Amino acid sequence: GESVGLHLPTLSVQEGDNSIINCAYSNSASDYFIWYKQESGKGPQFIIDIRSNMDKRQGQRVTVLLNKTVKHLSLQIAATQPGDSAVYFCAEKTTDTGNQFYFGTGTSLTVIP
Amino acid sequence: GAGVSQSPSNKVTEKGKDVELRCDPISGHTALYWYRQSLGQGLEFLIYFQGNSAPDKSGLPSDRFSAERTGGSVSTLTIQRTQQEDSAVYLCASSPRLVLQETQYFGPGTRLLVL
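We now turn to the structure provided with this report. (Residues numbered from 1 in each chain as written. Chains lettered and ligands numbered in written order. Predicted model: local features only at pLDDT ≥ 70, side-chain atom pairs only at ≥ 80, totals over all residues. Heavy atoms only, no water.)

### Overview of the layout of surface pockets
The criterion, for reference: For each structure, a 1 Å grid was placed over the protein atoms alone; sets of points admitting a 1.4 Å probe that cannot get out are labelled cavities, open sets with protein on both sides within 12 Å along at least five of seven lines are labelled pockets, and lining residues have an atom within 4 Å of a point. Grid points are joined across faces, edges and corners, and a volume is the space filled by probe spheres set on the points. Numbering of helices and strands runs from the N terminus; a helix is a DSSP stretch of H or I covering at least four residues, while a strand is a stretch of E covering at least two. Classes in brief: Ala, Val, Leu, Ile, Met, Phe, Trp, Tyr, Cys and Pro nonpolar; Asp, Glu, Lys and Arg charged; the others, Gly included, polar.
One number sums up the size of the largest pocket: a volume of about 440 Å³. What lines the largest pocket is a set of 20 residues, and nearest its centre among them are B:Q37, B:S38, B:L39, B:G40 and B:V89. Contributing elements (two or more residues each) for the lining of the largest pocket: β9 (86-94) of chain A together with β8 (88-95) and β10 (110-114) of chain B. It is β10(B) that contributes the most residues to the lining of the largest pocket, 3 residues altogether. Along the lines of polarity and charge, the residues of the lining of the largest pocket split into 7 nonpolar, 10 polar and 3 charged. Taken as a whole, the second largest pocket holds about 220 Å³ of empty space. Forming the boundary of the second largest pocket are A:K37, A:Q45, A:F46, A:I47, A:Q60, A:R61, A:V62, A:I77, A:D84 and A:Y88. For the lining of the second largest pocket, the leading source of residues is strand β5 (residues 45-51) of chain A, giving 3 residues. Looking at side-chain class alone, the lining of the second largest pocket contains 5 nonpolar, 2 polar and 3 charged residues.

Quick look at the structure:
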């Protein structure tokens, strides 16, 4: 079956350091990936996405890396700030699952001032 | 509106009662999704609407759950005869569902507590 998982459930980093959040997926046919940030009491907020024809995509202070060989996705946050503290989810979609996105359970990022 | 809105933001109900949760998607978005998020868990897909097509109900956990989308816009998720295990955050998302524009935008969720 489908599996989208995260290597670490929690991550603590010092303010100003870079953060790396990892995600593994099992379906090699996955072709679209999204990272979401969810703050306490709020809905998930889109951060960045990447398609399977790309290895890397950069946004503002965030970079997503996709390694299709090992079916691994990562989110890098540069110069982590206290406002980055949240739960981060990866989600993936494959053409053969049609409409559904599959979400990991999330990694809780805590930024230490 | 500027984003996806959901109401109510919180709902407390007694076991056995019916509840209705509302979602207003982003204007112009043809696709609408409902998810359930239990405490400390990922998002569980419930149902998907796309335009005038028949909805994908494959994620609904039981026949107590149903959803409608009227006029291709507002959607209502109904849970009949609620059970304590239905307690969760119910999230709605909408998407343009155009080629290369599949990103889902989420509402703030409805926190349901069944006593």
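Text resumes after the structure shown.
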